[in-house]
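# Coordinate inspection notes
Below are the chains, spelled out letter by letter.
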Amino acid sequence: MKNILVVEDNERNMYLMCYIIEAMGHRPLRAVTGEEGVKMAVTERPDLILMDIQLPGIDGLEAIRRIRGSMACPSIPIIAITSYAMTGDRERLLAAGCNGYIEKPINSETIMAELKTYLTGPGSHAAAKGEDTLTPSGERQ
Ligand code: MN
């Protein structure tokens, strides 16, 4: 089971993403503002972050920069959730430090595919850190 932080101010999107995360056997952590998201990223050190870009207060881009700037969690995969359709946004998102992005309106297939890619692929967070994922009983997950 992985801890996945969802930073999203839209109730429907939050519900959908958390529903999918739980259905996949993972644990969602919820934050509804950028500030709260940064705080939870640093203290909880989740395995993955889904970050909405349009948020009240600091936006998702600034939140990503702050998370990347904190020594506590430099390598956590961050997937931006964006409704921006302008040219150049991809570069802005990647420059801020996210690993990928999903365009709104989000759908469950896309979310599931992204989660699988970042949590179980050869380039996953655990693999990138060279860590084995062990359960408390010592079994490999
Ligand atoms: Mn939003």
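To start, this report covers the structure provided alongside it. (Residues numbered from 1 in each chain as written. Predicted model: local features only at pLDDT ≥ 70, side-chain atom pairs only at ≥ 80, totals over all residues. Heavy atoms only, no water.)

### Some thoughts on the pattern of salt bridges
The line we're drawing: By convention in these notes, a salt bridge is any Lys or Arg side-chain nitrogen within 4 Å of a carboxyl oxygen on Asp or Glu. Every helix listed is a DSSP run of H or I at least four residues long, and every strand listed is a run of E at least two residues long, numbered separately from the N terminus. The rule is simple: take the accessible area with a 1.4 Å probe, protein chains only, and divide by the maximum for that residue type; under 20% is buried, over 50% is exposed, in between is partly exposed.
Applying the stated criterion across every chain, the model contains 4 salt bridges. Here glutamate 8 and lysine 104 are joined by a salt bridge, their closest N and O atoms 3.8 Å apart. Of this pair, glutamate 8 sits in the loop between strand 1 (3–7) and helix 1 (11–23) while lysine 104 sits in the loop between strand 5 (100–103) and helix 5 (108–120), placing them 96 residues apart in sequence. Judged by its relative accessible area of 1%, glutamate 8 falls in the buried class. For lysine 104, a relative accessible area of 25% puts it in the partly exposed group.

### So, the coordination of the manganese ion
Short version of the rule: Only nitrogen, oxygen and sulfur atoms qualify as donors, provided they sit within 2.8 Å of the metal or within 3.2 Å for Na, K and Ca; with water excluded from the atoms, sites may seem incomplete.
All of the protein donors around the manganese ion are Asp9 (OD), Asp52 (OD) and Gln54 (O); their distances to the metal are 2.0 to 2.2 Å. For the manganese ion, all donor residues lie on one chain, and their spacing in sequence is D-x42-D-x1-Q. Taken together, the residues span a long stretch of sequence, with aspartate 9 in the loop between strand 1 and helix 1 and glutamine 54 in the loop between strand 3 (48–52) and helix 3 (60–69) at a distance of 45 residues. Overall, glutamine 54 belongs to the partly exposed group, its relative accessible area being 41%.

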